[in-house]
Amino acid sequence: MTSAQVDEGQVDKGRPGGDAGDSGTSGEGYQRGLGARQIQMIAIGGAIGTGLFLGAGKAIDRAGPSLILAYVIAGLVIFFIMRALGELLMYRPVSGSFSEYAREFLGPFFGFVTGWTYWLFWVVTGITEVTAAATYMTYWWNIPQWLSALVFTVILYGANLISVKLFGELEFWFSMVKVTAIIGMILICAGVLTVGFSDAGDTATVANLWNDGGFFPKGITGTLMTLQIVMFAFLAVELVGVTAGESKDPKTVLPKAINTVPWRIAVFYVGALIMILSVVPWSTFKPGVSPFVKAFEEMGFSVGAAIVNFVVLTAALSSCNSGMYSTGRMLRDLALNGQGPRAFTKLTKNGLPLVGTTFSAALMLVGVGINYQWPGEAFNYVVSFATISGMWAWIMILVSQIRYRRMADAGLLPQSSFKAPGAPYTSWFALAFIGMVIVMMAIDKDARISLYCAPLWALILFVSYRALQSRNPSAPEKTSAGTH
């Protein structure tokens, strides 16, 4: 089959630095319905999810207060990744984002692998999060998990088919709930530390960060073994790149959103952990229990558990909503480049990828079946693949940026208006860090299952790509960057 991009004449994606300007419709046919307020909150919300609200409990148990340092270092790496993405986005803001850049700078096979892997990442994440949301509902009502999962999936699917603006509004308010909860927790902990109210007032002190076994109570090894948990918490921060094709003013809004990464991590991760671990000794926290819930309990605020349950429910729905959004766009980008079924190229009158979103949502309904069959084990069955597939997108961002910078410096491509500081050295550092995280995952028996899935998925993609080539021998084997 020939590329739908060429056949339908919908996109001018081969032009370096090309986009449709800041008009109401992007060069890819999407509606530019996401404003600065929504993009900022999508960027903030992408860095705050169940990895923080729930996963931090396990990480604290493994590393103690030194988890704070792990978040600082990992946060710096995430900033390098986002600035690398920002440089590419200002060179050419497209909805296909890192899949498109991998295709341009590394070849069509890497674009194919990145697009389908990122699509699968969000499908798996959507199943995971809708499963988690269904579990949280049982805190208040005795509702079958599969029923809650079904209702949430249908509602979010419907919202994503109305308009991109509605998606943006949902993410804005989902993120607002998460931000408000964390800021509220920080302020309450600050009050406990300074004024001494609540049940924890007598024992709350910053010295709790080093009193119980020191800052590294489990040694440096314990800190290193939490890196995969920390990086999992940051997955989806790159989602802001997928919004490029639907941002009203991408060349102004996206750099501002990316530059907020350091303070977001400083406040919502580092700041929150410093406060919680100062008020409540680290040894109090256990795996499987939200540190936010535990902190409220230790301070004597029984209502806090219900509040945090609502917040993590919101975080799960936010992630599932993001999955609905991104999968449709990624499938359409693949189809436009002849690497997916042409049906995925179709847009509604409102500029929404109906077929791709519907296909992805149908697969997310698998989560409903999992909830029905194995309600107590569903979360563990589907979460293992998310981390490694999400990090593949980061690797492709960094490698593409290194290749782009080399070509731009040689005068073969136009320079980006938003250069990554310190690149390419910062990009190489980030790649080395990700490599270390993967090694840590291989050592950790609990995380190792993620790596078992990767070779199988790679084999499926290789066979699929070869089959695609046999059906479409005229498909270009050179990247668009390589032809300039």
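Residues numbered from 1 in each chain as written. Predicted model: local features only at pLDDT ≥ 70, side-chain atom pairs only at ≥ 80, totals over all residues. Heavy atoms only, no water.

Enquirer: For the overall build of the protein chain, give the residues involved together with the corresponding values.
Expert: Summing up its helical and strand segments, the protein chain has 22 helices and zero strands in all. Within the protein chain, the proportion of its 484 residues that are buried is 58%. Counting only carbon and sulfur atoms, one obtains 68% of the accessible surface of the protein chain, whose full area is about 17900 Å². (Helix = DSSP H or I, 4+ residues; strand = E, 2+ residues; numbered from the N terminus. Buried < 20%, exposed > 50% of the residue type's maximum accessible area, 1.4 Å probe, protein only. Areas by Shrake-Rupley, 256 points an atom, 1.4 Å probe, with all protein chains shown as cover.)

Enquirer: Please provide a residue-by-residue account of the pattern of salt bridges, values included.
Expert: Inspection of every chain in the model, using the stated rule, returns seven salt bridges. For the salt bridge of Asp 444 with Arg 62, the shortest nitrogen-to-oxygen distance reads 2.6 Å. Placement of Asp 444 in the loop between α21 (425-443) and α22 (448-471) and of Arg 62 in helix α4 (residues 56-63) is noted, with a sequence separation of 382 residues between them. Residue classification places Asp 444 among the buried residues on the basis of a relative accessible area of 7%. On the accessibility criterion, Arg 62 (19% relative accessible area) is buried. Between Glu 100 and Arg 92 there is a salt bridge, with its nearest N and O atoms 3.4 Å apart. Each member of the pair, Glu 100 as well as Arg 92, carries the same accessibility label: buried. (Salt bridge = Lys/Arg side-chain N within 4 Å of Asp/Glu carboxyl O.)

Enquirer: Tell me about the packing of aromatic side chains, residues and numbers included.
Expert: Taken as a whole and assessed by the stated rule, the structure comprises 24 aromatic pairs. Their ring planes at 10° and their centres at 4.1 Å tell us that Phe 167 and Tyr 325 sit as a pair that is stacked. Of the two residues, Phe 167 is situated in helix α9 (residues 164-194) and Tyr 325 in helix α16 (residues 303-336); the sequence distance between them amounts to 158 residues. Neither residue differs from the other here; Phe 167 and Tyr 325 are each classed as buried. A ring pair is formed by Phe 172 and Trp 173, whose centres lie 5.0 Å apart and whose planes are at 90°; its orientation type is edge-to-face. (Phe/Tyr/Trp six-rings, centres within 6.5 Å; stacked < 30°, edge-to-face > 60°.)

Enquirer: Can you tell me about a nonpolar patch on the surface, naming the residues and giving the values?
Expert: A cluster of nonpolar side chains, contributed by Leu 69, Val 72, Ile 73, Phe 216, Ile 220, Leu 224 and Met 436, occupies part of the molecular surface with about 520 Å² of accessible area. Contributions of two or more residues to the nonpolar patch are made by α5 (67-91) and α11 (219-224). The element that contributes the greatest number of residues to the nonpolar patch is α5, accounting for three residues. When you line up the elements, Val 72 lands in helix α5. When its relative accessible area of 41% is taken as the criterion, Val 72 is described as partly exposed. (Patch = residues over 30% accessible without salt bridge, like charges linked within 9 Å, V, L, I, M, F, W, Y side chains within 5 Å.)

Enquirer: I'd like a rundown of the confidence of the model for the protein chain, residues and numbers included.
Expert: Interpretation of the predicted coordinates at a detailed level should be avoided for regions scoring low in pLDDT. Looking at the protein chain as a whole, its pLDDT mean stands at 81, while 85% of the residues score no less than 70. Predicted confidence is poor over residues 476-484, with pLDDT under 50, and the contacts of this stretch with residues over four places away or in other chains come to 22 contacts. (pLDDT = per-residue confidence, 0-100. Contact = heavy atoms within 4.5 Å.)

Enquirer: Any details on the packing of helix α12 (residues 227-234) against helix α20 (residues 386-409)? Residues and values, ideally.
Expert: Contact pair α12 / α20: the axes reach a minimum separation of 10 Å and the direction vectors enclose 70°. As far as their axial angle goes, α20 and α12 are roughly perpendicular. Between α12 and α20 lies a crossing of left-handed hand. Counting all contacts with α12, which are made through Gln 228, Met 231, Phe 232 and Phe 234, the residues of α20 involved are Ala 386, Thr 387 and Trp 394. (Axes fitted to C-alpha atoms, helices over the stretch in contact; angles between N-to-C directions. Parallel < 35°, antiparallel > 145°, perpendicular 65-115°, else oblique. Left-handed = near helix turned anticlockwise from the far one by under 90°.)

Enquirer: Describe the environment of Phe 429, naming the residues involved and giving the relevant values.
Expert: With respect to the element layout, Phe 429 can be found in helix α21. It is 9.9 Å that separates the C-alpha atoms of Phe 429 and Leu 398, two residues lying 31 residues apart in sequence.

Enquirer: For the nonpolar core, give the residues involved together with the corresponding values.
Expert: Counting 144 residues, the largest nonpolar core has Tyr 71, Ile 78 and Trp 394 as the members making the most contacts within it. Those residues in contact with Ile 78 that sit more than four places away from it in its chain are Met 231, Phe 234, Val 237, Val 261, Ile 265 and Trp 394. (Core = buried A, V, L, I, M, F, W, Y, C linked by side-chain atoms within 4.5 Å.)

Enquirer: How would you summarise unusual backbone geometry if you had to cite specific residues and measurements?
Expert: Residue Ala 423 is joined to Pro 424 through a cis peptide bond whose omega torsion reads 10°. Turning to its location among the elements, Pro 424 is positioned in the loop between α20 and α21.

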